[in-house]
Amino acid sequence: MSEVAILGGGCFWCTEAVYLEVRGIKSVESGYCGGSQPDPTYEQVCTGDTGHAEVVRLVYDPAVISYRDILEIFFTIHDPTTLNRQGNDTGTQYRSVIFHQNAEQEATARQVVAEMAHVWDAPIVTELSPAQTFYKAEDYHQNYYAQHPLQGYCAFVVAPKVSKFRQTYANKLK
């Protein structure tokens, strides 16, 4: 049995790179969610006018990894206290957002957000929203970090997040 989680934590290249290494995650797709424009392109999302966030859609095995564990990793690999921003990436497309699939996921997300409020020095601004239509990003965005590890953004932004995950969650590596 599989379940789905949709998370936005800034640039999807970062989030995707981490979750591809998590035991129990069956698949990771980068894409867009939360906006009003059907089937948006990367260029359209980057304008900030579509309302979509860059997200990852995770298919996972709840017998191997819990939704709570997925969210705890999420709050470790991005800054949930910056509104519409992750580092130098700014705009609503980079917002921190959890698109919950059902009431159980929503309750878990609310609980984890409340717990994480004690970890961060600033208020958490992560948006909690019911799942909306997920639009898969263009093929060149899929598995981006693995294909371009030496590209500037990957080397200086993605690689440190992957390294932090590996150090913090070594017991959850594939």
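Report follows, based on the coordinates. (Residues numbered from 1 in each chain as written. Predicted model: local features only at pLDDT ≥ 70, side-chain atom pairs only at ≥ 80, totals over all residues. Heavy atoms only, no water.)

Counted by the stated rule, this structure contains six aromatic pairs. Through pairs of rings, three or more aromatic residues link up here, namely F12, Y32 and Y42. (Phe/Tyr/Trp six-rings, centres within 6.5 Å; stacked < 30°, edge-to-face > 60°.)

The N-to-C vectors of helix α1 (residues 12–19) and helix α3 (residues 67–77) enclose an angle of 135°; their axes lie 11 Å apart at closest approach. Relative to α3, the element α1 lies oblique. Helix-helix and strand crossings are classified by hand; for α1 and α3 the assignment is right-handed. For the pair α1 and α3, the contacting residues are T15, V18 and Y19 in the first and I70, I73, F74 and I77 in the second. The class makeup of the residues in the contact of α1 with α3 is six nonpolar, one polar and no charged. (Axes fitted to C-alpha atoms, helices over the stretch in contact; angles between N-to-C directions. Helix = DSSP H or I, 4+ residues; strand = E, 2+ residues; numbered from the N terminus. Parallel < 35°, antiparallel > 145°, perpendicular 65-115°, else oblique. Left-handed = near helix turned anticlockwise from the far one by under 90°. Contact = heavy atoms within 4.5 Å. Nonpolar A, V, L, I, M, F, W, Y, C, P; charged D, E, K, R; others polar.)

Direction vectors running N to C along α1 and helix α6 (residues 152–168) enclose 35°, while the axes themselves pass 9 Å from each other. Classified by chirality, the crossing of α6 by α1 is right-handed. Along the contact surface, α1 presents W13, C14, A17 and V18, while α6 presents Y153, V157, V158, K161, V162 and F165. Class assignment of the residues belonging to the contact of α1 with α6 gives a composition of nine nonpolar, no polar and one charged.

Along strand β1 (residues 3–9), six of the seven residues are buried, which leaves the element largely enclosed by surrounding structure. Taken together, the five bridges between β1 and strand β3 (residues 53–60) define a ladder with antiparallel strand orientation. Following the sheet pairing, I6 is matched in β3 by R57. (Buried < 20%, exposed > 50% of the residue type's maximum accessible area, 1.4 Å probe, protein only. Pairing = 2+ DSSP bridges.)

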